[in-house]
Amino acid sequence: MVDASRLPGATAAGLPAGVADLIGHTPLMRLSRYLGRDDIALYAKLEAFNPGGSAKDRPARHMVEQALVRGDITRDSTLVESSSGNMGIGLAQICRYHGIALICVVDVNAQAQNVAIMAALGARIHRVTEPLHGDFLAARMAAVEQIVAATPGAVWLNQYINRDNPGAHAIGAIAEIDAALDGALDTLFVATSSTGTAQGCRDYLAERGRSTRVIVVDAVGSTLFGGRAGKRFIPGMGAGREPGLARGQVFSRVVRVGDARCVAGCRRAAEREALLVGGSAGGVLEAVRGMANELAGQRVGVILHDSGTRYLDTIFDDGWVADTLGVSPEQIRAMIDDVHV
Ligand SMILES: Cc1ncc(COP(=O)(O)O)c(C=O)c1O
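How each quantity is defined
Throughout this document, residue positions are counted from 1 along each chain, in the order its sequence is written. This being a predicted model, a pLDDT of at least 70 is required before a residue's local features are given, and a value of 80 or more before pairs of side-chain atoms are given or counted; all residues contribute to the totals for chains, interfaces and linings. A domain assignment, automatic or from a database, supplies the domain bounds used here. Any residue pair is listed as a contact if its two C-beta atoms, each placed from the backbone, are within 7 Å. The nonpolar class holds Ala, Val, Leu, Ile, Met, Phe, Trp, Tyr, Cys and Pro. Asp, Glu, Lys and Arg form the charged class, and all remaining residues, Gly among them, are polar. The helix count covers DSSP runs of H or I at least four residues long, the strand count covers runs of E at least two residues long, and both are numbered beginning at the N terminus. Axes here mean lines fitted to C-alpha atoms, for a helix over just the part in contact, with angles spanning 0 to 180 degrees between N-to-C directions. The scheme is simple: roughly parallel for angles under 35 degrees, roughly antiparallel for over 145, roughly perpendicular for 65 to 115, oblique for anything else. Whether a crossing is left-handed or right-handed is set by the direction in which the near helix is turned from the far one by less than a right angle, anticlockwise for left-handed and clockwise for right-handed. Linking buried Ala, Val, Leu, Ile, Met, Phe, Trp, Tyr and Cys residues through C-beta atoms within 7 Å yields a set, and such a set is a nonpolar core. With C-beta atoms placed from the backbone, a residue counts as buried when 20 or more other C-beta atoms lie within 10 Å of its own, as exposed when 12 or fewer do, and as partly exposed for counts between those limits. As a rule, any residue with its backbone-derived C-beta atom within 6 Å of a molecule or strand is reported as near that molecule or strand.

Student: Mind showing me how you'd approach the domain arrangement of the chain here?
Tutor: In many analyses, interface size is given as the accessible surface area lost on bringing the parts together. Under the domain assignment used here, the chain contains domain 1 (22-50 + 170-335) and domain 2 (74-155). With centres defined by C-alpha atoms, the gap from domain 1 to domain 2 works out at 26 Å. Contacts between domain 1 and domain 2 engage six residues on the former and four residues on the latter. A class-by-class count of the residues in the side of domain 1 that touches domain 2 yields one nonpolar, two polar and three charged.

This is the structure we're talking about:
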């Protein structure tokens, strides 16, 4: 039998010992073409480089491992969570890594590819097919509560109220950005849904006495920060109902971006930077472009939560954009080229 520890490189210090060790340390890249002006130094944190493909790998790992450390869960627990997106994938990955069972509650609107990834990582999928009082979110919450009550050893970590969600981000991307730029960052733009990423970044910067402004980028139609509910189609940005975590949270500024503008941002990033980014990242980049005159002379950071590869059938599909958002390819073209955002 081969002694694995004697294989070349197997014991080299600093090598990742498993997929969990690949979470974090994502690239920070200068975007020199997106804005079309050179008086702003724009740096993008590419969170798609996490092994599960998004920034949510960080809170997924932290929530599970902190709960293990505290003894709130054991490896015999069953975690239950409502997520059909990046958090579901991040949890499926870290739960499989630690050998913990996971039931993901999704509804009929969930993107098939995301659900397939969660299932491939061993999550059990519970699909809600009927809304509750016309609301799928309410139906998913009711399903989570029902499953937790009926399953011995079941625990709902609940990213929308869990302080380990912002806690993960307070030691995450922002710490890496801060180290890479020697603390010299004027403004940071962060897309927001649970508000975990933005809170963690803001709290890290405040703790170190940085004067960096944190601007949250929310969706038009999101109820966060006193917004009025409306139709939204870009996953990961905004919230239909204010989560507990978001209550009373204050940031330097809130910028709202519409769905079509997010699409234009994704297309512009692909055209100008040869970079495929997800919808919330497109929105963040367009928020920067919209404030460019105010940002002249500054070092600006953006956290780009995920990759465009998960949105080929939506954001990058003209038919979907026309049918779902009611916006023609010509209108998107005009938005991409628009000099006044
Ligand atoms: C693609 C994407 N962007 C942005 C966010 C917002 O992050 P947070 O929930 O930390 O506010 C999420 C969260 O799910 C996301 O999936």
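Let's pick the thread back up.
Student: Could you clarify how one ought to interpret unusual backbone geometry in this entry?
Tutor: Leaving glycine aside, a negative phi is the common case for residues, and trans is the common case for peptide bonds. Non-glycine residue histidine 25 carries a positive phi angle of around 55°. Note on placement: histidine 25 falls in the segment before strand S1 (28-30). The phi angle at threonine 195 is positive, at roughly 80°, despite the residue not being glycine. Counting through the fold element by element, threonine 195 comes out in the loop between strand S7 (187-191) and helix H7 (196-207).

Student: Explain the packing of helix H2 (residues 86-98) against helix H3 (residues 112-120) here, please?
Tutor: Axes are the key here: two packed helices are described by the angle between their axes and the distance separating the axes. Direction vectors running N to C along H2 and H3 enclose 10°, while the axes themselves pass 8 Å from each other. Between H2 and H3, the angle is such that the two are roughly parallel. Relative to H3, H2 is oriented so that their crossing is left-handed. Within the contact between the two elements, H2 uses Gly88, Ile89 and Ala92 and H3 uses Asn114, Ile117 and Met118.

Student: Any chance you could explain the nonpolar core here in plain terms?
Tutor: Side chains of a nonpolar character, in soluble globular proteins, are inclined to be buried together. Counting 54 residues, the largest nonpolar core has Phe189, Val190, Val214, Val217, Val284, Val288 and Val302 as the members making the most contacts within it. The contacts of valine 288, once residues within four sequence positions are left out, are Leu42, Phe189, Leu295, Val300 and Val302. Ile89, Ile103, Val105 and Leu157 belong to the second-largest nonpolar core, a separate cluster that totals 27 residues.

Student: I keep staring at the site of the ligand and nothing clicks. Help me out?
Tutor: Taken together, 19 residues lie around the ligand, and Ser194, Thr197, Gly236, Ser280 and His305 are the ones closest in. Taken together, the elements giving at least two residues each to the shell around the ligand come down to H2 and H7.

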